[in-house]
Amino acid sequence: QVQLVESGGGLVQAGGSLRLSCAASGSILSIKTMGWYRQTPGKERELVAAITSGGRTNYADSVKGRFTIARDNAKNTVYLQMNSLKAEDTAVYYCNAEVLVTILRSLMYWGQGTQVTVSS
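Residues numbered from 1 in each chain as written. Predicted model: local features only at pLDDT ≥ 70, side-chain atom pairs only at ≥ 80, totals over all residues. Heavy atoms only, no water.

On to the sheet that holds strand β3 (residues 18-26). Strand order in the open sheet formed by four strands is β1-β3-β8-β7, and the pairing between neighbours is antiparallel. Edge positions in the sheet fall to β1 (2-7) and β7 (67-72), since each of these pairs with one other strand and no more. Averaged over all pairs of adjacent strands, the angle between their axes in this sheet comes to 15 degrees, without regard to strand direction. Alignment of β7 against strand β8 (residues 77-82), held across six bridges, turns out to be antiparallel. Looking at β8, one finds that Asp-72 is bridged to Thr-77. (Pairing = 2+ DSSP bridges. Helix = DSSP H or I, 4+ residues; strand = E, 2+ residues; numbered from the N terminus. Axes fitted to C-alpha atoms, helices over the stretch in contact; angles between N-to-C directions.)

If you want it as structure tokens, here you go:
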């Protein structure tokens, strides 16, 4: 089994910053892509940012230039630095990881979610 534990959410004023962390633990050979998604009530979960094991990144247009994703492969941890936060960034943020559990098999795992609330 693999567990993803997120931390760092909270309440912040517009223009402020937050840093999310997500640590993976359990039966892990390696982790391919790690990412952050977010979801608001009544809407589908959307990709915010993702990073491959080699460091290649991908961002949603709405967060480019404001958010930065990074990972520490030795710690199986992914971070999301969120700057210049806007009210529309308010959502539950979920960590995601594609984990190689055997040589031939990878599985997708999700964290429990952490609330980010930006007050205007």
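Next comes the rest of the description.
Enumeration over the complete set of coordinates arrives at one disulfide. Each disulfide pairs two cysteine sulfurs, and for Cys-22 the partner residue is Cys-95, the sulfurs being separated by 2.1 Å. Given an S-S torsion of about -80 degrees, the disulfide between Cys-22 and Cys-95 has left-handed geometry. Residue Cys-22 is found in strand β3, and its partner Cys-95 is found in strand β9 (residues 91-102); the two are separated by 73 residues along the sequence. For the pair formed by Cys-22 and Cys-95, the shared burial category is buried. (Disulfide = S-S within 2.5 Å. Buried < 20%, exposed > 50% of the residue type's maximum accessible area, 1.4 Å probe, protein only.)

Here the focus is the environment of Thr-57. Considering the arrangement of structural elements, one finds Thr-57 in strand β6 (residues 57-59). The partly exposed category is assigned to Thr-57, whose relative accessible area is 36%. Residue contacts for Thr-57: discarding those within four places in its chain leaves Ala-50, Ile-51 and Ile-69. (Contact = heavy atoms within 4.5 Å.)

Turning to unusual backbone geometry, a few remarks are in order. If you check the backbone angles, Asn-76 has positive phi at about 50 degrees while not being a glycine. Looking at where Asn-76 falls in the secondary structure, it is placed in the loop between β7 and β8. Despite not being glycine, Ser-84 shows a phi value in the positive range, around 50 degrees. By the secondary structure assignment, Ser-84 is in the loop between β8 and β9.

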